[in-house]
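Examination of the molecular architecture
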Amino acid sequence: MTDAGRYTAMQHDHYENSDVPSEHVVGHYAWHEEFPYETLLLHDHGDLRYPVLPPERRRRALDFGCGPGRMIPRMAKFFDQVDGVDIAPRLLADARAVVPASTQLWATNGDDLGEAPQEAYDLVYCTVSFHHIAVWDVRMQILRHMQAALRPGGVVTLQLGYRDAYPWVPVPHATYWTDAPMAGTPRRRLAARALERLGVQTLTSEGGRTTGFYRADPAETALQLMRKDHQHASWRDNPYDATSTNSGMDATISAETLPQVAEDFRSVFGNFTCWFYDVSLAFADLRGASHPSDHWHTHWIFLHARRPAD
Ligand SMILES: C[S@@+](CC[C@H](N)C(=O)[O-])C[C@H]1O[C@@H](n2cnc3c(N)ncnc32)[C@H](O)[C@@H]1O
């Protein structure tokens, strides 16, 4: 089995052989149901004046990682037909109960679009699914399949999470720190002294891999200790041995890695654009629940590309 195959087998097991009711696979389901996905998937920068497809091009769409089919009836209001693909047949079976009769559903291998036809779609979209694939090689393979599934002139809009420092997240109690990127600089010595005064324990890097660093605020009067944990993969990481998915380990996008995302989309589609939606305040109150605000993404980011017309 290849490394990528090992990862997708773990994903398949996670989604298919779980006791979690399919609706709960979509965390905060009710919140997502109130989110204006149609506006953000179908309009450049979510601006209603700039639809990504003219009305006559809203023929057939494909929902990647459709799960229990939550978005398919919503998008079917705009398209003649909306199909779905997902790694988990049990979720597709639940989707069948809520999607229109015309919808075709296919199970995938985890790195493809299953039996979905090529050059057939005006839009391929995803909501809260692509970032759950932590391995870059797998995501790139899926992007190539998406490109092949589009009609000439067709578009993709994919939702992921963004936070400026991802995959680095703040350390809650400042007891975990290494500083390889800053090694030897006056800033590092300054930081080390400040940390000593704070009684902070500093650790060396693990196996030569940097596992944390400090971040000074713009005035350099405070130090924020950051670490990369098991829940966050950088855009181009390949954590083949991840043991969890669906927020167990997610692919992240940050200010530093967004140029890599652009480069990767351009390598597949020849073009790229993206837009943001700030959720940093909304996540403090998700209908009574909350996402830890200093850990979760601050924005949804919608990645968009077009297959050039022939
Ligand atoms: C959080 S659920 C979102 C479901 C749906 N898109 C929604 O917005 O309600 C994530 C979905 O992504 C699917 N998924 C995760 N990894 C996948 C992969 N490698 N290939 C296809 N589907 C995948 C899961 O099976 C699951 O249904």
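For the structure itself, look to the data block above.
All figures in this text were calculated on a predicted structure; none of them were measured in a lab.

**Describing the site of the ligand**
Near the ligand there are 23 residues, and of these G65, G67, R70, T127 and S129 occur at the shortest range. The dominant element in the shell around the ligand, judged by the number of residues it contributes, is helix α1 (residues 3-16), at 3 residues. For the shell around the ligand, a count of residues per class yields 10 nonpolar, 11 polar and 2 charged.

**Some words on unusual backbone geometry**
Following Y166, the chain continues into P167 via a peptide bond in cis, with omega recorded as 5°. By the secondary structure assignment, P167 is in the loop between β5 (150-162) and β6 (168-170). Positive phi, normally seen in glycine, also occurs at H28, with a value near 55°. Located in the positive-phi region is S247, a residue other than glycine, with phi close to 85°. Position of S247 among the secondary structure elements: in the loop between β9 (232-233) and β10 (250-251).

**Brief notes about the sheet that holds strand β2 (residues 81-86)**
Note: strands within a sheet are paired through backbone hydrogen bonds, in either parallel or antiparallel orientation. Strand order in the open sheet formed by 7 strands is β3-β2-β1-β4-β5-β12-β11, with mixed pairing between adjacent strands. Sheet topology places β3 (105-107) and β11 (273-278) at the edges, where each strand pairs with a single neighbour. Each strand axis lies, on average, 20° off the axis of its neighbour in the sheet, ignoring direction. Where β11 lies against strand β12 (residues 299-306), 6 bridges are found, and the strand directions are antiparallel.

**Remarks on the environment of T39**
Tracing the chain through its elements places T39 in helix α4 (residues 37-42). C-beta crowding within 10 Å serves as the criterion here: with 12 such atoms nearby, T39 is assigned to the exposed category. T39 sits 12 residues away from P51 along the chain, and the two C-alpha atoms are 8.9 Å apart. Not counting residues up to four positions away in its chain, the partners in contact with T39 are G46 and L48.

Reading the values: rules and limits
Residues numbered from 1 in each chain as written. Predicted model: local features only at pLDDT ≥ 70, side-chain atom pairs only at ≥ 80, totals over all residues. Near = placed C-beta within 6 Å. Helix = DSSP H or I, 4+ residues; strand = E, 2+ residues; numbered from the N terminus. Nonpolar A, V, L, I, M, F, W, Y, C, P; charged D, E, K, R; others polar. Pairing = 2+ DSSP bridges. Axes fitted to C-alpha atoms, helices over the stretch in contact; angles between N-to-C directions. Buried ≥ 20, exposed ≤ 12 C-beta atoms within 10 Å, placed from the backbone. Contact = placed C-beta atoms within 7 Å.

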